[in-house]
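What follows is the residue order along each chain.
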Amino acid sequence: MNQFTSVHVIYLLEAARWTLLLSLIALLGGGILGLALALARVSRLPVLRVMAIAYIQIVQGTPLLVLLFLSYFGLSLAGYRLDPLVAAGLSLTFYVGAFLGEIWRGCIEAVPRTQWEASDCLGLNRFQQYTHVILPQAVRIATAPTVGFMVQVVKNTSLASIIGFVELTRAGQIVNNSTFQPFLVFLFVGAIYFAICYPLSVASRVLERKLHVAR
Amino acid sequence: MSQDSSLAAGRPGRDPDGPANASGVVVSVQNVTKYFGPLKVLDGVSLEVRQGQLVAIVGRSGSGKSTLLRCMNGLEAIQGGRIVICGHDVGIGRSNRAELRRDVGMVFQSYNLFPHFTVERNITLALTLVKKNTKVEAARIAAEVLALVGLADKNSAYPEQLSGGQQQRVAIARSLALSPQVMLFDEVTSALDPELTIEVLKVMEDLAGRGMTMVLVTHEMAFARRVADQVVFMHKGKVWEAGPTAQVFAHPATAEFAQFIGTGL
C-alpha cells in the first residue's frame, strides 16, 4: 500500500485545475445564457417569455447528472462523440444558465418599477434603461445569490466524474484507492474545495460593500 | 383650511387665462376615459393648459387626479378620448414617444432618483444619452439647474445622502435640465414633512415665475390657491369644478368642492 505523498498532493492539485476550469466554463457559459434568459423572461414579447419559462422549468426540473448522461452518452449514441470536458462544460452551462436566469430575473424585477418610469420620462429608450438604470441596480441585488449559487456549482462539478472526467473528487477517489487513507485524502480534497469557494464568498462580501457605498 | 383671505389668488402680472390665441394651448385633454379593469377611474375628463400657465389639479385620494397626470405623459393608456400635449397625440402608441419625452418633464412623489448615480450623473444621464450633449455641456447644464434649485454644492453627493426635500429638488433639476415645454408634478411634496415641503414649493414657485408651463397634482391647497392660475377639482373620476383660482375658491360652484376646501383636505 502506498503512502499519501507529495506525488498525490500534486496529482490532486492538478485535478483541481480541471475543477476550476469546469467552474469557469459554467460561470461564463451559464452567465451568458442566464443573462439572455433573464432578459427574455422580462421581455415585452410573449413568445420570448414563454420560451424562457419553458427552458427554465425543464432544466431546473432535471438533475445535473441526467444532463451529463444526456450530453455524453446520449449524444454519442446519436453520433456526436463529445470529449468529457465538452460534455461536462455544455451540461453545466445549460444547468447554470437556467438557475442564473431565474435568479437574475428576480433581481431585475426587484428594481422598483418607478425606476423604469423615471428613466422613461427622461426619454431613455429601453436599451438605455437596461444598461444605465436597471441592470446596474440589479447587479447589486444579484451579487449575494449569484455567488451563493456559484459555490454550489463549484461543488457540483464533481458530478462530471460520472462521465469519466477526472476532476478533484474523482482524483481523490483514485488516490484513495491506492493509499487507502480516506480521511486524509478526502479531508485534503475538501480543503481544496474550500480554498476555491471561500475566496468567492469573501469577494461577494467585498463587492457588495463596494456596490453599496456607490449607490 | 384657514387661508389668509388677503392672499390674492394667481400670480401677479400673469393673466390667469394665458395667451388668448388657441395656439397657446400646450395641454389638451378631451373627453378622456380610463379604466382599471372594470373600474372607471377617469370619466369624460376634459381640460386645457395654456402656455405659461400653472394649473393645479386637486381632489380627494382616489379621485383620479394622479391617473390623469400619468395619462397625460403616456405612463397609463387611455380607453377613450384624446390627449394632445405640445402637439403630440399621446393616445397613439409609442411611435411619437421620443418627441413627447423631449417636450414634457415629469416629477414624482417618490423622487425616483437613480440611487447608483451621483446627483450630477442623475442630471447628465439623459443629457448625454438622449440629447447627445457632450460631457462638458452636460456638466455645465447640471451645474446651472442645480444652482436654480439651490443645490449647487451637492453635485457629487449620492441621493441617499440627501434629505427628501433635497432629493425632490434634484428630481426637479433633472427634469428641468432637458428644457421641457411643460412640466408635470405628481404630488411631489406628499412624502415630505412641512419644512421640506416649503423648500420644494419655493423651487416650484420660482419655476412658475420664470414662465414654465406647469400642471401639478397636489394636496397643498394653500400653495395652489396662492400660485395656480387655474384650479381643477376632480371628484369621482370627473372634472367636478374648474376655473380661475380666485373665482373657484371665492365662489365654489359645487357642494363637494366647498366641502373639500372647507375641510382643508
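Trainee: Which parts of the structure should I look at to understand the overall build of chain B?
Mentor: On a plain count of helices and strands, chain B comes out with nine helices and 10 strands. At a minimum sequence separation of 6, the contacts of chain B that also span at least 24 residues come to 68%. Surface exposure of chain B reaches about 11,100 Å², of which carbon and sulfur atoms provide 51%.

Trainee: Mind showing me how you'd approach unusual backbone geometry here?
Mentor: Residue and element names in this part refer to chain B. One non-glycine residue, K132, lies in the positive phi region at around 60 degrees. With respect to the helices, strands and loops of the structure, K132 is situated in the loop between α3 (119-129) and α4 (135-148). Positive phi is not limited to glycine here, since E187 has a value of about 45 degrees. In this structure, E187 sits in the loop between β7 (182-186) and α6 (194-209).

Trainee: Would you explain the interface of chain A and chain B in this entry?
Mentor: When the parts come together, some accessible area is lost, and that loss is often what is quoted as the size of the interface. The interface of chain A with chain B comprises 20 residues on the first partner and 26 residues on the second. The junction of chain A with chain B conceals about 2,000 Å² of combined surface from both sides, 59% of it contributed by carbon and sulfur atoms. Viewed at the interface, chain B and chain A are joined by two salt bridges. Summed over the shared surface of chain A and chain B, the number is five residue pairs in polar contact (both at pLDDT 80 or more). Among the secondary structure elements, those contributing two or more residues to the side of chain A that touches chain B are α5 (113-121) and α6 (126-156) of chain A. Counting residues per element, the side of chain A that touches chain B draws most heavily on α5 of chain A, at eight residues.

Trainee: In this structure, what is going on with a nonpolar patch on the surface? I would like to understand it.
Mentor: All names here are of chain A. Together, L45, V47, L48 and M51 give the surface a local cluster of nonpolar side chains, amounting to about 380 Å² of exposed area. Tracing the backbone through its elements, the reader meets M51 in helix α2 (residues 46-60). On the basis of relative accessible area, M51 is assigned to the exposed category, the value being 54%.

Trainee: Any chance you could explain the pattern of salt bridges here in plain terms?
Mentor: Here the idea is simple: oppositely charged side chains can pair when their charged atoms come close. Residue and element names in this part refer to chain B. Enumeration over the complete set of coordinates arrives at 18 salt bridges over all chains. Where D43 meets K40, a salt bridge forms, and the shortest distance between an N and an O atom there is 3.4 Å. Notably, a salt bridge pairs E48 with R50, separated by 3.9 Å at the nearest N-O pair. For E48, a relative accessible area of 45% corresponds to the partly exposed category.

Trainee: Mind showing me how you'd approach the environment of G62 of chain B here?
Mentor: All names here are of chain B. Assignment of secondary structure puts G62 in the loop between β3 (54-59) and α1 (65-72). Exposure remark for G62: the relative accessible area of 79% places this residue in the exposed category. Along the chain, G62 and G24 lie 38 residues apart, while their C-alpha atoms are 31 Å from each other.

Cut-offs applied
Residues numbered from 1 in each chain as written. Chains lettered and ligands numbered in written order. Predicted model: local features only at pLDDT ≥ 70, side-chain atom pairs only at ≥ 80, totals over all residues. Heavy atoms only, no water. Helix = DSSP H or I, 4+ residues; strand = E, 2+ residues; numbered from the N terminus. Contact = heavy atoms within 4.5 Å. Areas by Shrake-Rupley, 256 points an atom, 1.4 Å probe, with all protein chains shown as cover. Buried area = accessible area lost by both parts, 1.4 Å probe. Salt bridge = Lys/Arg side-chain N within 4 Å of Asp/Glu carboxyl O. Polar contact = N/O pair within 3.5 Å; in protein donor to acceptor, adjacent residues only side chain to side chain. Patch = residues over 30% accessible without salt bridge, like charges linked within 9 Å, V, L, I, M, F, W, Y side chains within 5 Å. Buried < 20%, exposed > 50% of the residue type's maximum accessible area, 1.4 Å probe, protein only.

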